[in-house]
Amino acid sequence: MICSKCSTLADQAPDKPNTIDCQFNVQGKVFNDPIHGLVPMHPLLVRIIDTPQFQRLRYIKQLGGACYVYPGATHNRFEHSIGVSHLAGRLVRELKERQPELQISCRDFLCVQIAGLCHDLGHGPFSHLFDGMFIPKVSTGRKWKHEDASMAMFDHLVDKNELKMEQHGLVLPEDLDFIKEQIAGPIDKTPGKWAYKGRPEKKSFLYEIIANKRNGVDVDKWDYFARDSYYLGLQSNFDHDRFINFARVCEVDEEVDGKKMSQICARDKEVDNLYDMFHTRFSLHRRAYQHRVVEAIQLMIRDALVEANPHILIKGSGVKTFRMSDTVFDMEVYSKLTDHVFEQILYSPSSDLDKARKILERITHRRLYKCVGQILKDKDNLEDEVMDKIKKWQSDVASENHLDPNDFELRVIKIDYGMKKDDPIDQMRFYKKDNPTKAFKISKDQVLYLRPESFSQQQIRIYYKKETDETDETIKAIKDDWSIKFPESHADGSQAVVAVVLGPQTSVEVLANIGQMYEEEPQNSARTEDQEKPGIKKQEV
């Protein structure tokens, strides 16, 4: 069926299906959300929500093990996904009403909302812990991302529940391609060639709403900034309502296949609000996602899952059973894997799970891995300069204290504004009030904001995995030796991280763009802008 209001004359040709009412105005259910208030959802979105594959997200925590440090951070992927869908719909509706010449259809409207709703279907237990820490540990070399599973789970959801999307005006398979391209990006990445199948070049701006590959300004971040800050008890200065209010689509100085591209642009006065957005990202990583104790707990959960992986088998639709690490290849099995695996291990009587169970019991008794040292560095490449020195220290301190060298684990964590060393605002385009159709870049001398000198940092940390307390002589000896060998570890904390953990099976993991942890305990007290921002350089006005 085709919308009588949004469809083109070609769509309404005699051989086309019957027309239906415009889906922009169809009412479904209303959800009461603590972040966005009353959230109306289209009947097709409600139909997707009311499936086992989507309801599974209720049992996957948004921030993994962070709730063991921030007690309020028990929110889940279910509510986040509803929030992203809501913000996506708001932005599309605003653009349609403000710029009818964009010819945004109700098909576009529905598809963008569905992509927002389903973009995280592929997350595993404890969210990013599963794909960022567990899978790389048990499946070396496997290039798997949760977005891959999100596409597969979406296909599984549609097939398993026999969704009749055509009844709501969608055109298949074109709109299914469009939805999945918004979640995982284009398949064909040939430079200079239009990479998408779902929508043509003139609607390129629609691909910037859910997961913006150009500059990182998207509704996914807007929801988790607001939602995570709320449940963590931290302050977020970014105002997504202002961005939506001032957003416009303009042609930019970029061509693909000889055609001009369109981009979602902001008013020039919104540049400070956007810097607030990227600084919010930095601050949440620093203060919460990669907090020192959060990282220790995440490592413990990961180690427990690694130990349990050969022994927890999940039955598929047939007779075949799968290890946790292999469930990602079968969505019927993967849909059964959630955070409940923590309790499954913790309360299992199986002797095969003794090692994993003991690690989780330590978490419940607050006997955690301990951070015994860290280095904050401001250089882009720590690996060559620092890593060899740390590895030598690792071997020496183990020998001097009669420890197994394999009791160390070395981790490198990087944090940035979303585009590694680059300033994401360089990829953003703006317009002026008196010329709203002309897009332009804002130069550095036009920014009155306290703009960082660098946009990426690294940190080095060391954890001790064996169960002990702060009075243990081994801990004291390790900390003292670290302080002597690495006096720079006492430097000012506004730089970057590597984590070394004393425990079985040493590994070096470089976690690019995941974030970093700092030494301080979580706090809600206000900090000055200069304290929080990396490498701040004040602009002279």
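Criteria and thresholds
- Residues numbered from 1 in each chain as written.
- Predicted model: local features only at pLDDT ≥ 70, side-chain atom pairs only at ≥ 80, totals over all residues.
- Heavy atoms only, no water.
- Core = buried A, V, L, I, M, F, W, Y, C linked by side-chain atoms within 4.5 Å.
- Buried < 20%, exposed > 50% of the residue type's maximum accessible area, 1.4 Å probe, protein only.
- Helix = DSSP H or I, 4+ residues; strand = E, 2+ residues; numbered from the N terminus.
- Contact = heavy atoms within 4.5 Å.
- Axes fitted to C-alpha atoms, helices over the stretch in contact; angles between N-to-C directions.
- Parallel < 35°, antiparallel > 145°, perpendicular 65-115°, else oblique.
- Left-handed = near helix turned anticlockwise from the far one by under 90°.
- Nonpolar A, V, L, I, M, F, W, Y, C, P; charged D, E, K, R; others polar.
- Phe/Tyr/Trp six-rings, centres within 6.5 Å; stacked < 30°, edge-to-face > 60°.
- Lys NZ or Arg CZ within 6 Å of the ring centre and 35° of its normal.
- 1 Å grid on protein atoms, 1.4 Å probe; cavity = no way out; pocket = protein on both sides within 12 Å on 5 of 7 lines; lining within 4 Å.
- Points joined across faces, edges and corners; volume = space filled by probe spheres on them.
- Pairing = 2+ DSSP bridges.

Trainee: Tell me about the nonpolar core, and please be specific about residues and values.
Mentor: Counting residues in each nonpolar core, the largest one holds 133 residues, and the members touching the most others are I209, W222 and F243. A total of 11 residues in this core trace back to one element, the largest contributor, which is helix α11 (residues 292–308). Apart from residues no more than four positions distant in its own chain, F243 is found in contact with V217, W222, F238, I264, A266, E270, N273, L274 and M428. Counting residues in each nonpolar core, the second largest holds 19 residues, with V372, W393, L403 and Y464 among its members.

Trainee: Give a detailed account of the packing of helix α3 (residues 77–98) against helix α8 (residues 219–232), specifying residues and quantitative values.
Mentor: In a pair of packed helices, the angle between the axes and the distance between the axes together describe the arrangement. For the pair α3 and α8, interaxial distance at closest approach is 8 Å and the crossing angle is 135 degrees. By the angle class used here, α3 and α8 are oblique. The handedness of the crossing between α3 and α8 is right-handed. Contact residues: α3 offers E79, H80, G83, V84, L87, A88 and L91, while α8 offers V219, D220, W222, D223, Y224, R227 and Y231. Here the residues of the contact of α3 with α8 are counted per class, giving 8 nonpolar, 2 polar and 4 charged.

Trainee: Give me the lowdown on the packing of aromatic side chains, citing residues and values where you can.
Mentor: Two aromatic rings, taken as a pair, are described by how far apart their centres are and by the angle between their planes. For the coordinates displayed, the defined rule picks out 19 aromatic pairs. Ring geometry for W393 and W482: centres 5.0 Å apart, planes at 80 degrees, overall edge-to-face. Separated by 89 residues along the polypeptide, W393 in helix α15 (residues 383–400) and W482 in helix α16 (residues 473–485) bring together distant segments of the chain. Of the residues examined, W393 reaches a relative accessible area of 3% and is grouped as buried. One aromatic cluster is present, formed by F130, F134, W144 and Y334 through successive ring pairs. Between the NZ or CZ atom of R56 and the centre of the ring of Y334, over which it lies, the distance is 4.7 Å. Residue placement shows R58 over the ring face of F78; its charged tip is 4.0 Å from the ring centre.

Trainee: So what's going on with the packing of helix α6 (residues 146–160) against helix α7 (residues 174–184)? Residues and values would help.
Mentor: Following both chains from N to C, one finds α6 and α7 inclined at 155 degrees, their axes separated by 9 Å at the closest point. When the interaxial angle is binned, α6 and α7 end up roughly antiparallel. At the point where α6 passes α7, the crossing takes the right-handed sense. Between α6 and α7, the residues in contact are E147, S150, M151, F154 and D155 and L176, I179, K180, I183 and A184, respectively.

Trainee: Outline empty space enclosed by the protein, supporting the account with residue identities and numerical values.
Mentor: Gaps left between atoms show up when a probe the size of a water molecule is rolled over them. For the structure shown, the criterion picks out 3 cavities of 30 Å³ or more. When its volume is computed, the largest cavity comes out at roughly 60 Å³. Residue lining of the largest cavity: L91, E208, I209, N212, V217, D218, V219, W222, F243, I264 and M428, and that is the complete set. In terms of residue class, the lining of the largest cavity is made up of 8 nonpolar, 1 polar and 2 charged.

Trainee: Go over the sheet that holds strand β12 (residues 435–440), please, and point to the residues and values.
Mentor: Strand pairing in a sheet relies on backbone hydrogen bonds, with the paired strands running either antiparallel or parallel. Strand order in the open sheet formed by 4 strands is β5-β6-β11-β12, and the pairing between neighbours is mixed. Whereas interior strands pair on both sides, the edge strands pair on one side only; in this sheet they are β5 (248–256) and β12. The average undirected angle you get between the axes of adjacent strands in this sheet is 50 degrees. As paired elements, strand β6 (residues 259–267) and strand β11 (residues 430–432) share 2 bridges and run parallel to each other.

Trainee: Could you give an account of the side chain of T338, with specific residues and numbers?
Mentor: Mapping T338 onto the fold places it in the loop between α12 (331–334) and α13 (341–346). Beyond its immediate stretch of four places on either side in the chain, T338 contacts R56, Y59, I60 and P125.

Trainee: Can you tell me about α7, naming the residues and giving the values?
Mentor: Among the 11 residues in α7, 9 count as buried, and that is most of the element. In the core, the buried residues of α7 are packed alongside α4 (106–118) and α6. Phi for G185, located one or two positions after α7, is positive at around 90 degrees.

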